[in-house]
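Spelled out, the chains give:
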Amino acid sequence: MSFFIPFVYRRGIGSNGGGGGNSPTPPSGSLLLDLDPNLGVFSDASKLSSSTDGDLVYTWVDQSPNSYDVKQTDSSERPVYKTDGDNGEPYVWFDDSFNTHMFIPNDSSFDTSSMTIFIVAEITPVSEQDGDNFITNSYDGTTETNGGWRVYVEDWDSPGYSTPTITAQMENSSSDLSITNAEVNQNQVIVHRFEEGVSNKLRVNNLTESNGPITTNINYGTRYDVVLGARRDSSDPSGVALYLPHKLYRCVIYDEYLDDSTVSTFVNNLMNHHNI
């Protein structure tokens, strides 16, 4: 389990000098992961070379106290650090044509019975997308009954690719939550939160929240690294597949189910900061 923090903790390692101003501070709680492209994006393994516009990203430093730094050791599959985002904000660009993705360290803290996931991203309409992923935990590649959770885009095949469906899934619960009015070429604040046997919710910006049932016994299957920008390959769980083209502006994860008021406040702060 991660540390419970009664105050906000940010490591502040390696400022990348983004032009959008200070990012919204995460609310107090059991913070598991905080990825902010304004801080701690490096082009090397030693975290000595801060990324500048157009650099490939080797390491993205976790700003929580847990040090779950995200990495991609394969230079051909690294995303790109960019500084031309809305409001002058930097982002990390995941390009499906190059199979770009990153790995969050293998840790059982992500196999939790309750979780809240915040993602700020812009989906880029390149081609039909169906099942391509923002983030996936522990899909074991053997069945749809062992796999933890994932947040992804599906049914993005309308003319012009203008209305993708954002979906959150508990692989072993047979329960998909979907919101179909998301917009391409615009930032989205996506929130998936669940509590075992109690609640399972998906929110995109201020769109009506989607609610669904959840299993009373979450089974995470075989332990693999959490993947940013893709999911585990169903035929080879040691590999990855279904890469999603998107600009990632923020990813914050808690290993607890945050209440409605806390979620709404942080979502509004993120929307205001990113001009949504």
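One can find the structure itself at the top, above this paragraph.
About the criteria used
- Residues numbered from 1 in each chain as written.
- Predicted model: local features only at pLDDT ≥ 70, side-chain atom pairs only at ≥ 80, totals over all residues.
- Heavy atoms only, no water.
- Helix = DSSP H or I, 4+ residues; strand = E, 2+ residues; numbered from the N terminus.
- Buried < 20%, exposed > 50% of the residue type's maximum accessible area, 1.4 Å probe, protein only.
- Areas by Shrake-Rupley, 256 points an atom, 1.4 Å probe, with all protein chains shown as cover.
- Expected span 1.5 Å × (residues − 1).
- Arc of directions from axis to C-beta.
- Contact = heavy atoms within 4.5 Å.
- Polar contact = N/O pair within 3.5 Å; in protein donor to acceptor, adjacent residues only side chain to side chain.
- Core = buried A, V, L, I, M, F, W, Y, C linked by side-chain atoms within 4.5 Å.
- Pairing = 2+ DSSP bridges.

## Details of the overall build of the protein
Argument step 1. Scanning the protein from N- to C-terminus turns up 1 helix and 19 strands.
Argument step 2. Within the protein, buried positions represent 58% of all 276 residues.
Argument step 3. Put simply, the protein shows about 10200 Å² of open surface, and 44% of that area lies on carbon and sulfur atoms.

## Side note on helix α1 (residues 260-273)
Argument step 1. Compared with the 20 Å implied by 1.5 Å per residue over 14 residues, the 20 Å span of α1 between its first and last C-alpha is a close match.
Argument step 2. Of all the residues in α1, the buried ones are Val263, Phe266, Val267, Leu270, Met271 and His273. Here the buried residues of α1 occupy an arc of 165° about the axis, which is enough to place them on one side. Those residues of α1 that are exposed and aimed more than 90 degrees away from the buried face are Ser261 and Asn272.
Argument step 3. Packing partners of the buried residues in α1 comprise β8 (114-123), β13 (187-195), β14 (199-204) and β19 (246-254).
Argument step 4. Where α1 begins, the side chain of Asp259 points an oxygen toward the backbone nitrogen of Ser261, at a separation of 3.1 Å.
Argument step 5. Immediately downstream of α1, the backbone of Asn275 shows phi near 55°, a positive value.

## Focus: the nonpolar core
Argument step 1. Among the nonpolar cores identified, the biggest contains 36 residues, and Ile104, Ile119, Phe134, Ile135, Trp149, Leu228 and Ile253 are the most heavily contacted of them.
Argument step 2. The dominant element in this core, judged by the number of residues it contributes, is β8, at 5 residues.
Argument step 3. In this structure, Ile119 is in contact with Phe134, Ile135, Val151, Gln188, Val189, Ile190, Leu248 and Arg250, ignoring residues within four places of it in sequence.
Argument step 4. Judged by nonpolar contacts, the second largest core, of 17 residues, contains Tyr91, Val189, Tyr249 and Leu258.

## So, the pairing of β8
Residues in a regular strand point their side chains to alternate faces of the sheet.
Argument step 1. Within β8, 10 of the 10 residues are buried, which leaves it mostly tucked inside the rest of the structure.
Argument step 2. Side chains Ser114, Thr116, Phe118, Val120 and Glu122 of β8 all project onto a buried face; the interleaved residues Met115, Ile117, Ile119, Ala121 and Ile123 project onto the opposite face, where all are buried too.
Argument step 3. For β8 and β13, the ladder comprises 9 bridges, and the chain directions are antiparallel. Note on β13: the bridge partner recorded for Ile117 is His192.
Argument step 4. In terms of strand pairing, β8 meets β19 through 8 bridges, oriented antiparallel. Counterpart to Val120 in the pairing with β19 is Arg250.

## Description of unusual backbone geometry
Argument step 1. Located in the positive-phi region is Lys47, a residue other than glycine, with phi close to 60°.
Argument step 2. As for its position among the elements, Lys47 is in the loop between β2 (41-42) and β3 (59-60).
Argument step 3. A relative accessible area of 31% places Lys47 in the partly exposed class.
Argument step 4. The backbone phi angle of Asn87 is positive, close to 65°, even though this residue is not glycine.
Argument step 5. Locating Asn87 in the fold gives a position in the loop between β5 (80-82) and β6 (91-94).

Note that every value here comes from positions in space, so none of it alone points to a role or purpose.
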